[in-house]
Amino acid sequence: MTFEPEELGQSWQELGAMLRDLRKAAGLSGDRLAARCNMSQSKVSRIENGRARPSLLDIETLLTALDAPPQVVADVSALARTANTEWQDARGLRRKGLDKKQRELAGLEASSTDFRFFLLSMITALLSTPEYIRASLAHIPGDHSKAIARKLERQEVLYDRSKRFTFILTEQAARSPFLPPDAMAVQLDRLASLTHLPNVRLGVIPLNTPMPGCPLNTFTIYDDRLATAEMSTGVMLFRDPRDVRAYAEEFAGYEERALFGENARAKLSEWSAVCRA
């Protein structure tokens, strides 16, 4: 599915208006529609006025109650998918302050239990040494001390045993020389040490491993409710269950090919030794 950035996250009012028009065309009051859907009238009103984010099940329930024709169902479903997708421009995030983005990520990590990270070209801040984090921000002008501090604070979530993490790194992500060889060796050693945490699965995919399809982006899945994909110009946020499920299926394909446990530690130690040679 193709998205235009300027359309994303801006369609809740349009979606609500479409549902309101369908209700009126069916000759139903808000109370009667709510009763048919086993919803409160206030919830129906909030959805129609764009003040509530309906789930896919909510939308399907409303359309069924309205006896909407197939083409209308398709149009509303497509609009709901667009409304559930948000674009965060990289320049806008920098203007607001990179530390504010870190607070947002910390909030997601506090409210989620199951995390899946596919790291195509870089190591995520949760796994990074302070030197790696500083190097990853070096191309952005300004003082990043607050953002670096927030990134390091976020790492505490890895030690919360109620949460589960699966990280999959390509060899490119693990070995890209953002740091001098000795510092990269320390970074690789940190990755190896984190594989001992009982709630963390860290896998690596060597370059010679055949991959399903063609990986295009680093992405993260939070439980089964949100997927984020990182690009050089910004971040896409997907809340529609169909899109989250597509990322979960892609992740599963990489998971089958990754080395975990002792095999991952052996590969990371091998790469670390190369840095020290």
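These lines cover the structure that appears in this document, whether it is placed above or below.

A look at the overall build of the chain
Part 1: A count of helical and extended segments in the chain gives 13 helices and seven strands.
Part 2: Here the C-alpha coordinates of the chain stretch approximately 75 × 40 × 35 Å along the principal axes.
Part 3: Per-residue burial over the chain gives 49% buried out of 277 residues.
Part 4: Partitioning the contacts of the chain with sequence separation of at least 6, the portion at a separation of at least 24 is 77%.
Part 5: With an accessible surface of roughly 13,900 Å², the chain has 51% of that area assigned to carbon and sulfur atoms.
Part 6: Charged side chains in the chain number 37 positive and 36 negative. The centres of these two groups are separated by 4 Å.

Quick look at the nonpolar core
Part 1: Grouped together as the largest cluster of nonpolar side chains are 34 residues, with contacts concentrated most on Leu 127, Phe 165, Phe 167 and Leu 169.
Part 2: The set of elements that each furnish at least two residues to this core consists of helix H7 (98-111), strand S2 (114-119), strand S3 (164-170), helix H10 (171-175), helix H11 (181-194), strand S4 (200-205), strand S7 (234-238) and helix H13 (261-276).
Part 3: Filtering out sequence-adjacent residues up to four positions away, Leu 127 remains in contact with Leu 119, Leu 158, Phe 167, Leu 169, Gln 187, Arg 190, Leu 191, Leu 194 and Leu 202.
Part 4: One finds Trp 12, Leu 15, Cys 37 and Val 76 within the second-largest nonpolar core, a separate group that totals 22 residues.

Things to note about helix H1 (residues 12-25)
Part 1: End to end, H1 covers 20 Å across 14 residues, agreeing with the expected 20 Å (1.5 Å per residue, within 8%).
Part 2: Of all the residues in H1, the buried ones are Trp 12, Leu 15, Gly 16, Leu 19, Leu 22 and Arg 23. Within H1, the buried residues cover an arc of 125° as seen down the axis, which keeps them to one side. Turned more than 90 degrees from where H1 packs its buried face, Gln 13, Lys 24 and Ala 25 sit exposed.
Part 3: Against the buried residues of H1 lie helix H2 (30-37), helix H3 (41-48), helix H4 (56-65) and helix H5 (70-83).
Part 4: One or two steps after H1, the chain reaches Gly 27, where phi turns positive at roughly 70°.

Structural notes on the packing of H7 against helix H9 (residues 145-154)
Part 1: Contact geometry of H7 with H9 gives a least axis separation of 8 Å together with a crossing angle of 15°. With respect to their mutual orientation, H7 and H9 come out roughly parallel. Classified by chirality, the crossing of H9 by H7 is left-handed. Of the residues in H9, those touching H7 at Leu 98, Asp 99, Gln 102, Arg 103, Leu 105, Ala 106 and Glu 109 are Lys 146, Ala 147, Arg 150, Lys 151 and Arg 154.
Part 2: A class-by-class count of the residues in the contact of H7 with H9 yields four nonpolar, one polar and seven charged.

Describing H3
Part 1: Residues of H3 that are buried include every one of Val 44, Ile 47 and Glu 48, and no others. The arc that holds the buried residues of H3, viewed along the axis, is 95°, so those residues lie on one side.
Part 2: In the core, the buried residues of H3 are packed alongside H1, H2 and H4.
Part 3: Looking one or two residues beyond H3, the residue adopting positive phi is Gly 50, at roughly 70°.

Here we look at unusual backbone geometry
Part 1: Unusually for a residue other than glycine, Asn 38 sits at a positive phi of about 55°.
Part 2: Among the secondary structure elements, Asn 38 is positioned in the loop between H2 and H3.
Part 3: Judged by relative accessible area, Asn 38 falls into the exposed class, the value being 74%.
Part 4: Positive phi values are uncommon outside glycine, yet Asp 223 reaches one of about 50°.

Scoring rules and cut-offs
- Residues numbered from 1 in each chain as written.
- Predicted model: local features only at pLDDT ≥ 70, side-chain atom pairs only at ≥ 80, totals over all residues.
- Heavy atoms only, no water.
- Helix = DSSP H or I, 4+ residues; strand = E, 2+ residues; numbered from the N terminus.
- Buried < 20%, exposed > 50% of the residue type's maximum accessible area, 1.4 Å probe, protein only.
- Contact = heavy atoms within 4.5 Å.
- Areas by Shrake-Rupley, 256 points an atom, 1.4 Å probe, with all protein chains shown as cover.
- Lys, Arg positive; Asp, Glu negative; His and termini not counted.
- Charge placed at Lys NZ, Arg CZ, Asp CG, Glu CD.
- Core = buried A, V, L, I, M, F, W, Y, C linked by side-chain atoms within 4.5 Å.
- Expected span 1.5 Å × (residues − 1).
- Arc of directions from axis to C-beta.
- Axes fitted to C-alpha atoms, helices over the stretch in contact; angles between N-to-C directions.
- Parallel < 35°, antiparallel > 145°, perpendicular 65-115°, else oblique.
- Left-handed = near helix turned anticlockwise from the far one by under 90°.
- Nonpolar A, V, L, I, M, F, W, Y, C, P; charged D, E, K, R; others polar.

Take it as geometry only, folks, not as evidence of what the structure does.
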